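Residue strings, one per chain:
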Amino acid sequence: CDTMIESILITNTSGSILFSKYYALSDPRDISEWEQQLYKFTNESWNNSKNQKHEVSVIGEKTVVYASVDDIIVFAVGSEEDNELALYPLVDQIIAFVRTLCKKGVVSEAEFQEQYPSIAMGISDMVHSGFVDITDLSTIDGLLNFKVELKKPTK
């Protein structure tokens, strides 16, 4: 995929950021300003994005695709020239991945926090240096299991 992902954010339904990964911004002031804009321009339509219904916003020079599932909202951000159709599959894959990690497939904020290390590693495997790399869930799961095996202490 040639779409440059500028950032991925996951929030709770109140707007608190649970996960963020930036590929195009590095200055904390720019990140804070962007997060405030994202909330300001999207929060009124969060109810419309329930049950993984995609919403699209153009904020400044960025295209944002987001969808909510249970207690979280997943945002994928690309540049303005990126087509939102390229961002949809990434949002869907992140949601599907998070669901596989949560008990009974229900994504509560508490479950998300409990699974945070695996979620962060999985998203890191999906998007490398701002480009979508792996979207196959079984491949990501295999990589995570391999990383966990590597971290187990040997006797």
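In this text the structure is predicted, and so the values were computed from the model without any measurement.

Quick look at the environment of alanine 120
For step 1, the next point in the chain: Among the structural elements, alanine 120 can be located in helix α4 (residues 116-126).
For step 2, the next point in the chain: Between the C-alpha atoms of alanine 120 and valine 98, which are 22 residues apart in sequence, the distance is 10.0 Å.

Examining the nonpolar core
For step 1, the next point in the chain: Counting residues in each nonpolar core, the largest one holds 28 residues, and the members touching the most others are Ile8, Ile72, Leu90 and Ile94.
For step 2, the next point in the chain: If you list the elements that add at least two residues to this core, you get β1 (5-12), β2 (17-22), β4 (62-69), β5 (72-79), α2 (84-101) and α4.
For step 3, the next point in the chain: Among the elements that take part in this core, α2 stands out by supplying 8 residues, more than any other.
For step 4, the next point in the chain: Setting aside its immediate chain neighbours within four residues, isoleucine 8 contacts Phe19, Ser20, Lys21, Tyr23, Phe75, Leu90, Ile94, Ile123 and Val127.
For step 5, the next point in the chain: In terms of nonpolar packing, the next biggest core, distinct from the first, is built from 12 residues, Leu9, Ile31, Trp46 and Phe75 among them.

How each quantity is defined
- Position numbers for residues count from 1 along each chain, tracking the sequence in the order it is written.
- pLDDT decides what is reported in this predicted model: residues at 70 or higher carry local features, side-chain atom pairs at 80 or more are listed and counted, and totals for whole chains, interfaces and linings draw on all residues regardless.
- Only hydrogens and water are set aside; all other atoms, that is, all heavy atoms of the structure, feed into the side-chain values.
- Starting at the N terminus, helices and strands are each numbered in turn, a helix being any DSSP run of H or I of at least four residues and a strand any DSSP run of E of at least two.
- Here, the term nonpolar core denotes a set of buried Ala, Val, Leu, Ile, Met, Phe, Trp, Tyr and Cys residues that are joined through side-chain atoms within 4.5 Å.
- Burial classification: accessible surface area is computed with a 1.4 Å probe over protein chains only, and a residue below 20% of its type maximum counts as buried, one above 50% as exposed, and the rest as partly exposed.
- We call two residues in contact whenever any of their non-hydrogen atoms come within 4.5 Å of each other.

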